[in-house]
Amino acid sequence: MAAESDILDELRRLRTRVPQLTGALAAGVDGLVVAQDTPGVDPEGLAALTAAALGVAVRLADATGQGELRELLVRGSGGYVATYAAGRTAVLTLLTQDRVNVGRLHLEGRRAAARIGELVDAAESAAAERAGKPAAGRAAAARTRTARAQGAAMTDARTATDS
């Protein structure tokens, strides 16, 4: 898939702009890897955990009246895990050292997520057209209520990160 190499290029450029990044992963909200640059970390496991954390975060944001989920930030003793909405059906997860400038991380992460979202959405639309099906209808049929909320959050987040 041409989009996969473009996404991998974006992940590598992101690691250049934020030297404290130790890994970057683009995945579907379903937990499947789209592209990854995660040395020393199992990408499939990280994608699955990202999907699980995203599901909980979507419910938490909804239950507390905070609106649609846009991003998720976890700080551990050794660094951060940041997840950003990327288009309608994907997320960008970044792993960093503890000394990262979180403001810079958010700035670059949001921009990269917007670009990755455009690439993923375009690839899904092209694949749906080749199959003769509308992309939104095909994706909506496979989603659960939580996944629909995640998809809506992804759309809203991409719009918010475009500015």
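For the structure, see preceding data.
What follows is about the pattern of salt bridges. Applying the stated criterion across every chain, the model contains 9 salt bridges. One salt bridge in this structure joins Glu108 and Arg17, with 2.7 Å as the shortest N-O distance. Of this pair, Glu108 sits in helix α3 (residues 102–131) while Arg17 sits in helix α1 (residues 2–17), placing them 91 residues apart in sequence. What makes Arg17 partly exposed here is its relative accessible area of 25%. Through salt bridges with shared partners, a single ionic network connects Glu10, Arg13, Arg17, Arg104, Glu108 and Arg115.

Pairing is antiparallel across the open sheet formed by 5 strands, whose spatial order is β2-β1-β5-β4-β3. Of all strands in the sheet, those with a lone pairing partner are β2 (33–37) and β3 (71–76), marking the two edges. Each neighbouring strand pair of the sheet contributes to a mean axis angle of 10°, computed without reference to strand direction. The sheet contact formed by strand β4 (residues 79–86) and strand β5 (residues 90–97) spans 8 bridges and is antiparallel. Following the sheet pairing, Ala85 is matched in β5 by Val91. Each of β1 (21–28), β2, β3, β4 and β5 is contacted by α3, which is oriented at about 35° to β4, the strand it contacts most.

This paragraph deals with the nonpolar core. In terms of nonpolar packing, the biggest core is built from 21 residues, with Ile7, Leu11, Leu14, Leu92, Leu94, Leu105 and Ile116 touching the most fellow members. Among the elements that take part in this core, α3 stands out by supplying 5 residues, more than any other. Ranked by size, the runner-up nonpolar core spans 11 residues in total, among them Val29, Leu46, Leu54 and Ala57.

What follows covers α3. Between the first and last C-alpha of α3 there are 42 Å, a value that for 30 residues agrees with the 44 Å anticipated at 1.5 Å per step. Put simply, Asn101 is the residue that caps the front of α3, since its side-chain oxygen is 2.9 Å from the backbone nitrogen of Gly103. One or two residues past the end of α3 sits Gly132, with phi positive at roughly 80°.

Across the 8 residues that make up β4, a large majority, 7, are buried. Sheet topology places β3 next to β4; 6 bridges connect them, and they run antiparallel. Considered in β4, the bridge of Leu73 is made with Ala82. Remark: 2 residues form the turn of the hairpin made by β3 and β4, two consecutive strands paired antiparallel. Between β4 and the antiparallel strand that follows it, β5, lie 3 residues; Gly87 among them carries a positive phi value of about 80°.

Thresholds applied
Residues numbered from 1 in each chain as written. Predicted model: local features only at pLDDT ≥ 70, side-chain atom pairs only at ≥ 80, totals over all residues. Heavy atoms only, no water. Salt bridge = Lys/Arg side-chain N within 4 Å of Asp/Glu carboxyl O. Helix = DSSP H or I, 4+ residues; strand = E, 2+ residues; numbered from the N terminus. Buried < 20%, exposed > 50% of the residue type's maximum accessible area, 1.4 Å probe, protein only. Pairing = 2+ DSSP bridges. Axes fitted to C-alpha atoms, helices over the stretch in contact; angles between N-to-C directions. Contact = heavy atoms within 4.5 Å. Core = buried A, V, L, I, M, F, W, Y, C linked by side-chain atoms within 4.5 Å. Expected span 1.5 Å × (residues − 1). Polar contact = N/O pair within 3.5 Å; in protein donor to acceptor, adjacent residues only side chain to side chain.

Everything listed here is a matter of coordinates, which is why it stays silent on function.
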